[in-house]
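Reading the structure
Here is what each chain is made of, one letter per residue.
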Amino acid sequence: MKRIWLVILLAVTLVTGCSRQNSLSDRDRAIAAIDAQRIHEVTAELASAIYGGRRTGTPGEAKVAAWIAGAWKEAGLDTPEGVDDYLLQYEAPLYSITAFSGVTARGVAGESFLGDRSRAMPYAGNGSVEASAVLVGFGVTTAEHDEYAGVDVGGKIAVIFRYSPPSWSVPEEQAYLAAKIQRAAAHGAVGVVILDVPSSPNPFDMRGQTVSAIQDAPPSILVSVEGARSLLWAAGMDFDVFAAEAWAGRGVSRDLKLTVHYAVSADGNPVASAYDVLGVVPGRDADRKILLCAHHDHLGTDRTGTVYPGADDDASGVAVLLEVARCLSRTGTPPVSVWFVSFSGEEEGLIGSQALVAALPDLRETLIGVVNLDMMRRTSSALGVSVAAGDIRMMAAVQAAIGDGAALSIIPWTLGSDHATFNALGVSSCMVSGHGREVSWYHAASDIASDIPAADLGSAARNVLHLLWRLMESM
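Residues numbered from 1 in each chain as written. Predicted model: local features only at pLDDT ≥ 70, side-chain atom pairs only at ≥ 80, totals over all residues. Heavy atoms only, no water.

What about the overall build of the protein?
We apply this condition: Note on conventions: DSSP H or I runs of at least 4 residues are helices, E runs of at least 2 residues are strands, and numbering of each starts at the N terminus. For every residue, the accessible area obtained with a 1.4 Å probe (protein chains only) is divided by the maximum for its type, and the residue is called buried under 20%, exposed over 50%, and partly exposed between those limits. Calculation of accessible area relied on Shrake-Rupley with a 1.4 Å probe; when residues are assessed, cover is drawn exclusively from the protein chains displayed.
Check the secondary structure of the protein and you find 13 helices and 20 strands. The proportion of buried residues among the 475 residues of the protein is 56%. Here the protein displays about 18600 Å² of accessible surface, and carbon together with sulfur accounts for 54% of that area.

Regarding the packing of aromatic side chains
Any pair of aromatic rings gets described here by the distance separating the centres and the angle formed by the planes. What counts is decided by this rule: Here the aromatic set is Phe, Tyr and Trp, taking the six-membered ring for Trp, and pairing holds for ring centres within 6.5 Å; pairs whose planes are under 30 degrees apart are stacked, those over 60 apart are edge-to-face, and all others are tilted.
Inspection of the entire model under this criterion finds four aromatic pairs. Summarising the aromatic geometry, the rings of phenylalanine 138 and phenylalanine 161 are spaced 5.5 Å apart at their centres and angled 45 degrees between planes, so their arrangement reads as tilted. One end of the pair, phenylalanine 138, is in the loop between β6 (127–135) and β7 (157–161); the other, phenylalanine 161, is in strand β7, with 23 residues separating them in the sequence. Here phenylalanine 138 and phenylalanine 161 have matching classes, each one buried. When the centroid spacing of 6.1 Å and the interplanar angle of 50 degrees are considered together, the rings of phenylalanine 138 and tryptophan 247 count as tilted. With phenylalanine 138 in the loop between β6 and β7 and tryptophan 247 in helix α7 (residues 239–247), this residue pair connects regions lying 109 residues apart in the sequence.

Quick word on the packing of helix α8 (residues 311–329) against helix α13 (residues 454–473)
Threshold: Interaxial angle, 0 to 180 degrees, is taken between N-to-C directions of lines fitted to C-alpha atoms, where a helix line uses only the stretch in contact. Should an angle fall under 35 degrees it is called roughly parallel, over 145 degrees roughly antiparallel, and 65 to 115 degrees roughly perpendicular, with every other angle called oblique. By convention, the crossing between two helices is left-handed when the near helix turns anticlockwise from the far helix through less than a right angle, and right-handed when the turn is clockwise. Any two residues whose heavy atoms approach within 4.5 Å are treated as being in contact. We call Asp, Glu, Lys and Arg charged. Ala, Val, Leu, Ile, Met, Phe, Trp, Tyr, Cys and Pro are nonpolar, and the rest, Gly among them, are polar.
Relative to each other, α8 and α13 sit at 55 degrees, their axes nearing to 9 Å. Relative to α13, α8 is oriented oblique. Where α8 crosses over α13, the two elements pack in a sense that is right-handed. Contacts from Ser316, Val320, Val324 and Leu328 of α8 reach α13 at Leu457, Ala460, Ala461, Val464, Leu465, Leu468 and Trp469. Of the residues contributing to the contact of α8 with α13, the split by class is 10 nonpolar, one polar and no charged.

Side note on helix α6 (residues 225–234)
Across the 10 residues that make up α6, a large majority, seven, are buried. Taken together, the buried positions of α6 are Val225, Gly227, Ala228, Ser230, Leu231, Leu232 and Ala234. Looking one or two residues past α6, glycine 236 carries a phi angle of roughly 75 degrees, positive in sign.

Focus: the pattern of salt bridges
Charged atoms that come close allow side chains of opposite charge to pair. Which entries qualify depends on this criterion: Salt bridges are defined as contacts in which a side-chain nitrogen from Lys or Arg sits within 4 Å of a carboxyl oxygen from Asp or Glu.
Counted by the stated rule, this structure contains 16 salt bridges. The shortest N-O distance in the salt bridge between glutamate 348 and arginine 55 comes to 3.0 Å. With glutamate 348 in the loop between β16 (336–343) and α9 (351–359) and arginine 55 in the loop between α3 (36–46) and α4 (59–74), the pair connects residues that are 293 residues apart, well separated along the chain. The class of arginine 55 is buried, set by a relative accessible area of 4%. Note that arginine 326 and glutamate 323 form a salt bridge whose closest N and O atoms lie 2.9 Å from each other.

Quick look at empty space enclosed by the protein
The condition that has to hold: Grid spacing is 1 Å over the protein atoms alone, the probe is 1.4 Å, and a cavity is where that probe fits but cannot get out, while a pocket is an open set with protein on both sides within 12 Å along at least five of seven lines and lining residues have an atom within 4 Å of a point. Grid points are joined across faces, edges and corners, and a volume is the space filled by probe spheres set on the points.
Under the counting rule described, the total for this entry stands at one cavity of 30 Å³ or more. By volume, the largest cavity is sized at about 40 Å³. Residue lining of the largest cavity: Val357, Leu360, Leu363, Arg364, Leu367, Phe422, Leu425 and Val427, and that is the complete set. Split into classes, the residues belonging to the lining of the largest cavity amount to seven nonpolar, no polar and one charged.

Details of the nonpolar core
Note the threshold: Working definition of a nonpolar core: buried Ala, Val, Leu, Ile, Met, Phe, Trp, Tyr and Cys residues. They are joined through side-chain atoms within 4.5 Å.
Ranked by internal contacts, the top residues of the largest apolar core, which has 65 residues, are Trp72, Val320, Phe340 and Leu373. Sort the elements by how many residues they give to this core and α8 lands first, with 11 residues. The residues touching tryptophan 72, leaving out its near neighbours within four places in the chain, are Leu77, Tyr86, Val277, Leu278, Gly279, Leu321, Leu322, Phe340 and Ser342. Residues Ala133, Trp168, Val252 and Val260 belong to the second largest nonpolar core, which totals 43 residues.

Observations concerning the confidence of the model for the protein
Note the following rule: As a per-residue measure, pLDDT reflects the predictor's confidence and takes values from 0 up to 100.
For the protein, per-residue confidence averages 88 on the pLDDT scale, and 90% of positions sit at 70 or higher. Confidence scores differ between elements of the protein, with helix α1 (residues 2–23) showing the lowest mean pLDDT of 42 and α3 the highest of 98.

A word on unusual backbone geometry
Residue aspartate 314 is reached from aspartate 313 by a cis peptide bond, and omega for that bond is 0 degrees. One non-glycine residue, aspartate 85, lies in the positive phi region at around 50 degrees. Within the fold, aspartate 85 resides in the loop between α4 and β1 (87–91). Taking the relative accessible area as the measure of exposure, aspartate 85 reaches 61% and is therefore exposed. In the Ramachandran plot, methionine 375 falls in the positive-phi region, its phi being about 80 degrees despite a non-glycine side chain. Mapped onto the secondary structure, methionine 375 falls in the loop between β17 (367–373) and β18 (383–387). Under the relative-accessibility criterion, methionine 375 is labelled buried at 4%.

Observations concerning the sheet that holds strand β13 (residues 285–295)
What counts is decided by this rule: We call two strands paired when DSSP finds no fewer than two bridges between them.
Taking strand neighbours across the sheet as the criterion, the eight strands line up as β1-β12-β16-β13-β17-β20-β18-β19 in an open arrangement whose pairing is mixed. In the strand order of this sheet, the two ends are held by β1 and β19 (408–411), each with one partner. Geometrically, the sheet is characterised by an average inter-axis angle of 25 degrees between neighbouring strands, direction not taken into account. Here four bridges tie β17 to strand β20 (residues 429–433), and the two strands are oriented parallel to one another. Its bridge partner lying in β20, valine 371 is registered against cysteine 430. Here α9 sits on the sheet in contact with β1, β12 (273–281), β13 and β16, set at roughly 105 degrees to β1.

Regarding the environment of glutamate 45
Counting through the fold element by element, glutamate 45 comes out in helix α3. Since its relative accessible area comes to 25%, glutamate 45 is described here as partly exposed. Setting aside residues no more than four positions away along its own chain, glutamate 45 makes contact with Ile50, Tyr51 and Trp67.

Written as structure tokens, this is what we have:
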């Protein structure tokens, strides 16, 4: 008799367990399937030295794109129409810096040669320049702060501090190197010298690297803190005093009464191929699409042989992207189709996402939302979601996900990654990120996978799925 009751009890337990499993929503089953350790292993793979830092247009970037395509296939994703084996190839507008003269500065205190304390810059332009130098603070031009006001850089070299004062409310895109160069050129500068600040020195040496070009960019260089001290010494000025004043938000723009000379040589490399990697989980409504994306490119290897792994930026985002794709594709059919895209060219000025839009122009007509994942290592209890204030659909989806318990927080809008390409097309877009550019490992050789907690990556994937589901339900 006891044996009969045990059999009955076991049968009831099994039925109850199956019933509970079947009662879970597709979203909950996908979230439950997230494997944090698997995401960490993918992050470590993408950040490994065999890919040479994944610089766009290099053999390492092509190799990592092929690896991701294989992962898309293993996860069961479909290949979008018009794309071969998940790979969208495009020609990247790149060139290679072949020579840099170093910087000579002559002023009231004497002459200084910066030597290895200065570097050719990404987007560096090409040519020799010798001209008077004008300091324009951080080169910010907003309604509240216009550091070009009252100074004339026409026909001169614009000297600009890196980043922006922490006390100022400055859109992040104002602080980018490329944006600083473009604004200086728009004001008539014939050269740009960017001075590193004591809080964030950057040792990356661009000589011999394949980098992207800004059309008609003036020759531009990056100067280390020690080089900046030497440069301003020649002008009879104390760099540390001026850097502290500028960092505190006090205006420092002025004529330096300094003549600066340097030369950058670069060879065009118009045949550099780069790759975006695309996969699709078809939805019940195939005519509407959400795009979930990250970027697999990073800084590459400098001339000393130092590899920049880019584990957080943005191997972590691609790894989370893959895990979400894997779990979503195996837990039912979503309400709308979800495109998973790993871009190259983000570090080169969003050229990979722009290449996708150019190659698949019809995508815009059916695309109803973009969620971009960029740097999943967290410095706070929640991931930040950058949403434009007027984007009602995306804002509502993020708030609904937060209401579900997702560890997300709304942060100020920025155009600093591939979501900007789609925002410019009028598509509802956001960026999900664990921190800003203030962290010590940002664009540094110390950005390694072993420093990223697997728990951060698992939590990121679960939170992204919460947001993705709320966005799908809002359509």
